[in-house]
Amino acid sequence: MVDVSAKTDTTATAEDKQPFIDLDDLKLEGVYPPKAATLEENYWKLDGTFSTFPDNPQDISWGLWSSSMAAADGSFDDPIVLTLTFQSLHESLGLTFEFNPYDNSFCNGLNIQWYQGATLLYDVDFVPNSWRFSCVQKVENYNKIIITFRGMNKPYRFLKVQNIMHGVIKEFGSTELRTAKVLEEIDMTGLTLSVNTLDFSLFSQNDAFNIFNPSGIYTLLQRKQQLIVTGTKNEEKNHTGTFFVDEMEGQSNKILSISAVDSIGIMDGTTFMGALYQNALAADVIEGIMEDAGFGYTLDIALRDKEVTGHIPICSHREALQMVVFSIGGFVSTSRGGTVNIKKIPDITSVPTSQIGMNRKHIGTTVKLRNLVTGIGVVEHNFTRKTTTEEICKVNLEIGSNTVTFSEPAANITVSMGTITQYGVNYCIVESTVVGECTVSGKKYEDSQKTIQKRLSNIPAGEKELIEKVDCNLTNASNSSEIAQRLLDIYQYRIEQSLSFVLGSECVGDLADIETEYGVYRGAVVEKLDIDLVGGYIAKAVVVGV
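Residues numbered from 1 in each chain as written. Predicted model: local features only at pLDDT ≥ 70, side-chain atom pairs only at ≥ 80, totals over all residues. Heavy atoms only, no water.

So, on to the overall build of the protein. The secondary structure content of the protein amounts to four helices and 34 strands. Its C-alpha atoms give the protein a radius of gyration of 26 Å, within 12% of the compact-globule value 24 Å for 546 residues. Principal axes of the C-alpha set define a box for the protein whose edges measure 80 × 70 × 55 Å. By residue count, 53% of the 546 residues in the protein fall in the buried class. Here the contacts in the protein between residues at least 6 apart in sequence split such that 74% fall between residues at least 24 apart. (Helix = DSSP H or I, 4+ residues; strand = E, 2+ residues; numbered from the N terminus. Rg over C-alpha atoms; globule rule 2.2 N^0.38 Å. Buried < 20%, exposed > 50% of the residue type's maximum accessible area, 1.4 Å probe, protein only. Contact = heavy atoms within 4.5 Å.)

Shown next as structure tokens:
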């Protein structure tokens, strides 16, 4: 139960931090760093669950990671101080910290001071006892917090704070949950960016979920409220996903149904003002989109140095990210975490990450053959700026700030009245002291286009030719051939299996060996998982292979 506005209003400062750390991560949602190996004492278990430390840590959202390491007794020689300041006043029931979940290491002694301006409101010591811990203290009208971390529960550890929530956690467990399902999907072509969803219902003996009850729990569940889903299977607790409240519906005075979406779903309702790129690094473009959207992310090192050229119009952050990821040959998954993971499209000939055998499968697998795509047509775009200045539009200005959007990209923007305070290729913001008609002028960009094709060299007898046309503003002469071939190859993954099985560690985007008959396995990519969390972790899956 958090103040959802406080995080985005945060400015964080700390002297003691690793060089790859960007403290702006603390204002983002969905920051869940990878389980990366380090040489901290007794940390890197050789059980195959740790990945090597990434070569591109700057492309991953970490939160705070100290430069100092705790001593043998767990204390820091110099306590680590983190200061959070805010433009607006906020109130919450306390702060909830998420330290390091991978070995349950956490700060075991900290002090929090809440301020309003120079006035100290509260000065409280806390002793956390878990990697996720709520420091409960109701505070109203604060705009500054100073947090002092004194030590760790384990020796020779860095302080790692992946998330700070302005509020406390209310846990709904098996006694309240009636149903709970997670839907995970990906589109390997990259032509769409799928939204993962969580749907669950809660039961209460009292009126806690009665929408007409002004003191009911539902009043604390704001839209965009974060929902952290964990599940226990084989006595092991796992992070199943992070979602955000989208809709609520009371089925009765005792049952409340909640629908939630992942970070991509939230990004679908936010606005990116767009830009025009020329040989920009994918890492820089994605960082701009994700920080503007307010979500943490990880970027595959194989994609970071890809170049992005073309125009992104004003659109949602989801659409903007889809265009970039598609153009560089990636896909996006938020499965089992919350971070937006941007990965390279898997090669079905690679070594599978899991095996789904008959011992886990339920009876009733169906198999079908998808339509044969025989060719791909890709539209190339080439944006060039015109040499002459011309009228872009006429608008009626009001007194104050006016946002003017363009129907096509333009540069060298001028206005006949008012003052331009901000601009981009798709818009300008004009400050005016009077009401009146304003002419916006500039140099427009011209988009010259052509289409290239890649086709199968041989079409099987009896098959009809089917050419799929693809149009994205970030496809151009430098990447169109690669994109066309990539899509043509992916469309040859035609054998679709729909099956149910007991879920293991499988995620969408994984390569899996599916046992189709006893002792016979076929490789496939997991495209969809519909998981029943309270019904034995049964997953209805769609996988596709060759």
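On we go from here.
Moving on, we get to the sheet that holds strand 16 (residues 297–299). Taken together, three strands build an open sheet; the order of strands is 16-20-19 and the sheet is mixed. Taken across any chain shown, the strands that pair with only one partner, and hence form the sheet edges, are strand 16 and strand 19 (330–333). Within the sheet, the average angular offset between the axes of one strand and its neighbour, ignoring direction, is 20°. Here strand 16 pairs with strand 20 (residues 340–344) via three bridges, running parallel. Bridge pairing in strand 20 places T298 opposite N341. Its contacts with the sheet place helix 2 (residues 282–293) against strand 16 and strand 20, and it is angled at close to 170° to strand 16. Contacts from helix 3 (residues 317–328) reach strand 19 and strand 20, with the element oriented near 135° to strand 19. (Pairing = 2+ DSSP bridges. Axes fitted to C-alpha atoms, helices over the stretch in contact; angles between N-to-C directions.)

Take a nonpolar patch on the surface next. A grouping of L39, W44 and L46 is seen on the molecular surface, where their side chains present a nonpolar patch of about 420 Å² in accessible area. Inspection of the secondary structure puts L46 in the loop between strand 1 (10–13) and strand 2 (64–69). (Patch = residues over 30% accessible without salt bridge, like charges linked within 9 Å, V, L, I, M, F, W, Y side chains within 5 Å. Areas by Shrake-Rupley, 256 points an atom, 1.4 Å probe, with all protein chains shown as cover. Salt bridge = Lys/Arg side-chain N within 4 Å of Asp/Glu carboxyl O.)

On to the pattern of salt bridges, then. Under the criterion given, the structure shown has 20 salt bridges. In this structure, E527 engages R370 in a salt bridge whose closest nitrogen and oxygen atoms are separated by 2.7 Å. Placement of E527 in strand 33 (residues 520–532) and of R370 in the loop between strand 22 (366–369) and strand 23 (375–385) is noted, with a sequence separation of 157 residues between them. What makes R370 partly exposed here is its relative accessible area of 25%. Members of the salt-bridge network, linked through shared partners, are K368, R370, E496 and E527.

Let's shift gears to the packing of aromatic side chains. Applying the stated criterion across every chain yields a total of 12 aromatic pairs. Taking the centre distance of 5.9 Å and the plane angle of 75° together, the rings of F53 and W65 count as edge-to-face. You can see F53 sitting in the loop between strand 1 and strand 2 and its partner W65 sitting in strand 2, a full 12 residues away along the chain. Put simply, the rings of F20, F53, W62, W65 and F158 touch in pairs and so form one group of aromatic residues. The ring of F50 has K35 sitting right over it, with the charged end atom 4.8 Å from the ring centre. Sitting over the face of the ring of Y43, K160 holds its NZ or CZ atom 4.3 Å from the ring centroid. (Phe/Tyr/Trp six-rings, centres within 6.5 Å; stacked < 30°, edge-to-face > 60°. Lys NZ or Arg CZ within 6 Å of the ring centre and 35° of its normal.)

Any functional reading would require information beyond the geometric quantities listed.
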